[in-house]
Amino acid sequence: FQLYGYCYQDSNDIPDTLTTITELGSPLEMIQLLQTSWEDRFRICLSLVRLLHYLAHSPLGSVTLLDFRPRQFVIVDGELKVTDLDDASIEESSCTSNSDCFMEFPARNFTLPCSVEGRCESMNEKRNLYNAYRFFFTYLLPHSAPSSLRPLLDKIVNATGNCSKHGNAKYVLFHPSPLVNSEFTQKCVKSANAKYRRVPEAFIPDENYRCWPSYHHKGCLLSVFDVNEAIEICDSYSQCKAFVLTNQTTWTGRQLVFFKMASNHLMPDPDKITYVKVTD
């Protein structure tokens, strides 16, 4: 979380008080997040993984968030950030045997190894990771994910949920990152569809219909890699009769496209290209 300033106060009325000034974020509402596009939810999960990696390797050592719940986080420019550090701890649990390294959660429990130094190995990191799994990953990652990514996403989610040897922040950090530049943005090899007529520098202002998920609450605005993917999406909706390529992109570089239910009224627009379905 970005810290802009702080003030330490020690008086008879308010002893030992630290006031901080931080960046403004939006409260995290899980129901609203589930209604956003998978790409936006993936971005939030990726920012959470970066936070997990930092907590595991902070200058103070491994830090655990004892109250790791959605209400402790906010959204800032599409990124997830922790806002409440009152329950952060750098104390690694001491132990004399593995049975002392017992982590209990509502759904399952784990027993970690006791190191020769008498500390439970990676307990702080594992606690953060499993909480991230049960509060975030299990809801935000698989839901409406692209089919080509689901095997890899399932592997990541299972690793965090099982606290396996791959269940650590470093593993999760370096496995989701390539998704942005691989399967999710991979170009379709399908040839251009002759059923669509290209109309350059044109836009359809109306004729909207709603789809899910959409970047626009009153229309169907989705991200695509190229025209071929836009054609596939339009063909999958019975009401889609045209689509408009915009010059806007998402954070991964995918192009935003408006899908339309008719093309009766075309208007000139130098920044857009319209594709109209040719009727038989």
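Each residue is numbered by its place in its chain's sequence as written, counting from 1. Local features in this predicted model are restricted to residues whose pLDDT is 70 or higher, and side-chain atom pairs enter the listing and the counts only when it is 80 or higher, whereas totals over whole chains, interfaces and linings include all residues. By convention in this description, side-chain values take in all heavy atoms of the structure and omit both hydrogens and water.

- The name given to the protein in an unreviewed UniProt entry is Protein kinase domain-containing protein, cytoplasmic, and the organism recorded there is Charadrius vociferus.

### Things to note about helix 4 (residues 150–162)
Item 1. Compared with the 18 Å implied by 1.5 Å per residue over 13 residues, the 18 Å span of helix 4 between its first and last C-alpha is a close match.
Item 2. To sort residues, take the accessible area from a 1.4 Å probe on protein chains only and compare it with the maximum for the residue type: under 20% means buried, over 50% means exposed, and anything in between is partly exposed. Put simply, DSSP marks the helices as runs of H or I at least four residues long and the strands as runs of E at least two long, and each gets a number from the N terminus on. Of all the residues in helix 4, the buried ones are Leu153, Ile156, Val157, Ala159, Thr160 and Gly161.
Item 3. Positioned one or two residues after helix 4, cysteine 163 has a phi angle of 50°, which is positive. In this scheme, a helix's expected span is set at 1.5 Å multiplied by one less than its residue total.

### What to know about the state of the cysteines
Item 1. What counts as a disulfide here is a pair of cysteine sulfur atoms lying within 2.5 Å. By the definition in use, this model includes 4 disulfides.
Item 2. Paired through a disulfide, cysteine 101 and cysteine 120 show a sulfur-sulfur distance of 2.2 Å. A torsion of -90° about the S-S bond marks the disulfide between cysteine 101 and cysteine 120 as left-handed. On the criterion of sequence distance, the pair formed by cysteine 101 in the loop between strand 7 (88–89) and strand 8 (102–104) and cysteine 120 in the loop between strand 9 (109–111) and helix 3 (123–140) is long-range, its members being 19 residues apart.
Item 3. Covalently, cysteine 211 is tied to cysteine 220 through a disulfide, its sulfur atoms 2.0 Å apart. In this structure, the disulfide formed by cysteine 211 and cysteine 220 twists by about 95° around the S-S bond and is classed as right-handed. Residue cysteine 211 shares its accessibility class with cysteine 220, and that shared class is buried.

### Observations concerning the pattern of salt bridges
Item 1. The working definition used for a salt bridge is a side-chain nitrogen of Lys or Arg within 4 Å of a carboxyl oxygen of Asp or Glu. Per the counting criterion, the structure on display carries 6 salt bridges.
Item 2. Arginine 69 is the salt-bridge partner of aspartate 67, the closest N and O atoms lying 2.7 Å from each other.
Item 3. Of the residues examined, arginine 69 reaches a relative accessible area of 34% and is grouped as partly exposed.
Item 4. A salt bridge links aspartate 235 to lysine 277; the shortest N-O distance between them is 3.8 Å. With aspartate 235 in helix 6 (residues 227–236) and lysine 277 in strand 14 (residues 267–277), the pair connects residues that are 42 residues apart, well separated along the chain.
Item 5. Through salt bridges with shared partners, a single network forms among Asp67, Arg69 and Arg71.

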